[in-house]
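What the coordinates show
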Amino acid sequence: MNTTAIRKLPQEASILMVLVGIAALFEILGWIFIGQSFLANSKRLVIIVLQVSIIGIIAVGVTQVIITSGIDLSGGSVAALSAMVAASFAQASGGFSIFYPGIVDLPVIVPLLAGIGVGLLAGSINGAITAYTGVPPFIPTLGMLVAARGLAVLYAEGQPIFGLTEQYTAIGQGINPVLIFLGVALLFHVLLKHTVYGRRTYAIGSNEEAARIVGIKVNRHKVLVYAIAGGLAGLAGIVMSARATMGQPGMGFMYELDAISAAVIGGTSLFGGKGKISGTVIGVFILGVITSGFTFLRIDFYYQEIAKGMIIVAAVIADQRRQARKA
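What counts and what doesn't
- Residues numbered from 1 in each chain as written.
- Predicted model: local features only at pLDDT ≥ 70, side-chain atom pairs only at ≥ 80, totals over all residues.
- Heavy atoms only, no water.
- Helix = DSSP H or I, 4+ residues; strand = E, 2+ residues; numbered from the N terminus.
- Rg over C-alpha atoms; globule rule 2.2 N^0.38 Å.
- Buried < 20%, exposed > 50% of the residue type's maximum accessible area, 1.4 Å probe, protein only.
- Contact = heavy atoms within 4.5 Å.
- Areas by Shrake-Rupley, 256 points an atom, 1.4 Å probe, with all protein chains shown as cover.
- Lys, Arg positive; Asp, Glu negative; His and termini not counted.
- Charge placed at Lys NZ, Arg CZ, Asp CG, Glu CD.
- Phe/Tyr/Trp six-rings, centres within 6.5 Å; stacked < 30°, edge-to-face > 60°.
- Salt bridge = Lys/Arg side-chain N within 4 Å of Asp/Glu carboxyl O.

**Comments concerning the overall build of the chain**
When helices and strands are tallied, the chain shows 14 helices and 0 strands. Listing each helix as α and each strand as β along the chain from the N terminus yields α-α-α-α-α-α-α-α-α-α-α-α-α-α. Here the C-alpha atoms of the chain give a radius of gyration of 20 Å, agreeing with the 20 Å that 2.2 N^0.38 yields for 327 residues. Looking at the chain as a whole, 48% of its 327 residues qualify as buried. Of the contacts made within the chain by residues no fewer than 6 positions apart, 77% connect residues no fewer than 24 positions apart. Entry remark: accessible area of the chain is about 15500 Å², with carbon and sulfur atoms responsible for 68%. One way to put it: in the chain the 21 positive side-chain charges average out to a point 13 Å from where the 13 negative ones average out.

See below:
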């Protein structure tokens, strides 16, 4: 009876149990090796949530791409380029090194639209190449990863952009990044679960040819999904630059891999057709707890990356076995 009940638990419950288990492990190790509590420190928990919010915004877009049986490797670089462009339109008067002399103190909506627009454009390019050329999505998004990072450096000749308006920097201060992340996650959770957009996204990932037969315009929908992922990367870049109070071309390095990791750990299948935003949110927090826990135990950064890699491999193996059992 108990075994049957456990099997009927939703996948998110299992992932949540993993999160609780990892946090409990760090709590025990903290008392053994440091003599301190990992969970009782409220400041640490706040930092964890703030750190994962930007990656989480990218991960929400990446999850949708993976559900269509695609991949997007460009999120971190697109976020950096968007951060630079948005920051250049968010400078206040009276500062130094004005990027666009005479264009200062603009309403905050201008840099917002500029940053998200850059992301939408980059995502649309990824989607169009993937959908209309038949090239595996790994190739165009890898190319965008390199190109967007290069453009971020070229845009301001490798220099950071300072002197941003208070209205703009307020976006990244306090709890605002968390609220933006959770708001984005809730929006796309609803869209995937309760709308035609979501049904088409899952249908394409489950069986693309069958989706064509029933009348879904697969190519057009793929472009839309990749554009949304790019737009969310642009939003992440805005939040990132607002929090740092500057645009810097090195921002978001490797964020795309963390976003993919969060989606996979959260139960999104790399085979397509399966995944939930709620699972991705939990996956994001798992990554955050791991990073914070290793830092808390004063373990070198490289071991953090090794641990993340092992968890990702384990998640993919588990997904493969689930697919084999279904088959």
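The discussion continues.
**As for the packing of aromatic side chains**
Scanning all chains against the criterion turns up 8 aromatic pairs. With a centroid separation of 5.4 Å and an interplanar angle of 50 degrees, the aromatic rings of Phe 38 and Phe 296 are classed as tilted. One end of the pair, Phe 38, is in the loop between helix 2 (11–34) and helix 3 (42–67); the other, Phe 296, is in helix 13 (residues 277–296), with 258 residues separating them in the sequence. When sorted by exposure, Phe 38 lands in the same class as Phe 296, which is buried. A centroid spacing of 5.7 Å and a plane angle of 70 degrees characterise the contact between Phe 301 and Tyr 302, whose relative ring orientation is edge-to-face.

**Remarks on the pattern of salt bridges**
In this structure the tally under the stated criterion is 3 salt bridges. Of the charged contacts in the structure, one is a salt bridge between Glu 12 and Lys 276, with a shortest N-O distance of 3.5 Å. Remark: Lys 276 occurs in the loop between helix 12 (255–265) and helix 13 and Glu 12 occurs in helix 2; sequence separation between them is 264 residues. Among the salt bridges present, the one from Lys 222 reaches Glu 208, with a minimum N-O distance of 2.9 Å. Taken together, the positions of Lys 222 in helix 11 (residues 218–244) and Glu 208 in helix 10 (residues 208–213) put the pair 14 residues apart, joining distant regions of the chain. The exposure class of Lys 222 is buried, given its relative accessible area of 12%. Take Glu 208: its relative accessible area is 27%, and that puts it in the partly exposed class.

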